[in-house]
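# Observations on the three-dimensional arrangement
Each chain, written out:
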Amino acid sequence: MQKTKFRPCEPEDRYAILALQRRAFGGEGEAQLVDALLDGPLECISMVAELDGMIVGHVLLSRLVGPERALALAPLGVDPEWRDFLIGTELTNRAIAKARDEDWHAIFVVGDPVYYGRFGFKADLAEHVGTPYPGPHFMALELVPGAVADYRGDVRYAEAFEGV
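Before going into details, it helps to say that this report is about the structure given with it. A quick note: this is a predicted structure, and the numbers were derived from the prediction, not measured. (Residues numbered from 1 in each chain as written. Predicted model: local features only at pLDDT ≥ 70, side-chain atom pairs only at ≥ 80, totals over all residues. Heavy atoms only, no water.)

Turning our eyes to something else, we now look at the nonpolar core. Counting 28 residues, the largest nonpolar core has Phe108, Tyr157 and Phe161 as the members making the most contacts within it. At four residues, helix H2 (residues 29–39) tops the list of elements feeding residues into this core. Beyond its immediate sequence surroundings of up to four residues, Tyr157 is in contact with Leu64, Ala72, Phe108, Val110, Thr131, Pro132, Tyr133 and Phe138. Listed in part, the 27 residues of the second largest apolar core include Met47, Ala95, Phe121 and Leu141. (Core = buried A, V, L, I, M, F, W, Y, C linked by side-chain atoms within 4.5 Å. Buried < 20%, exposed > 50% of the residue type's maximum accessible area, 1.4 Å probe, protein only. Helix = DSSP H or I, 4+ residues; strand = E, 2+ residues; numbered from the N terminus. Contact = heavy atoms within 4.5 Å.)

This is the structure we're talking about:
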């Protein structure tokens, strides 16, 4: 078995990414979201985990309307057979690092506070931000100090999120 390779996705990865998202989430919603976001006009960071030529993980960050240079992390999908191998953790770490390298200021996520808390996401940081997904599962990570803490207003996700 080869070592897992983490890299930006390529156009030829698309069908494998969509198949992976279907396996990871057991339905079409996230695959359709990824398909729409990759086709859309918004800036995205899309990364895959590849093992022996097979895509076993994928993470997508897409631009949000809200704080300056903010992204939404969604979805993060890992093949069910590979969930115990920290692939999602490594993909998330690499996506955050790439966002920093590309001068993004903040990342928002709706997810498990314990899981995403490991990366520095905090619900209390996002409490004052208006969102269609309020509550303790809506969290933010500042890549630039004050990017979220000093922001007052709403975030607006891409239209594609409305179908999920």
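So much for the structure itself; the text now carries on.
Looking now at the pattern of salt bridges. This structure, assessed with the given rule, holds nine salt bridges. Here Arg7 makes a salt bridge to Asp13, at a shortest N to O gap of 2.7 Å. Asp13 matches Arg7 in its accessibility class, with the two residues each being buried. The shortest N-O distance in the salt bridge between Arg22 and Glu28 comes to 2.8 Å. Judged by relative accessible area, Glu28 falls into the partly exposed class, the value being 38%. Each of Arg7, Asp13 and Glu50 takes part in a single network of salt bridges with overlapping partners. (Salt bridge = Lys/Arg side-chain N within 4 Å of Asp/Glu carboxyl O.)

Glancing now at the sheet that holds strand E2 (residues 44–51). Spatial strand order, E1-E2-E3-E4-E5-E7: six strands in an open sheet with mixed pairing. At either margin of the open sheet sits one strand with a lone partner, and together these are strand E1 (5–8) and strand E7 (138–142). Shown here is a sheet whose adjacent strand axes are inclined to one another by a mean of 25 degrees, direction ignored. Inspection of the sheet shows E1 paired to E2 by four bridges, in the antiparallel sense. Paired with Pro8 across the strands is Met47, a residue of E2. (Pairing = 2+ DSSP bridges. Axes fitted to C-alpha atoms, helices over the stretch in contact; angles between N-to-C directions.)

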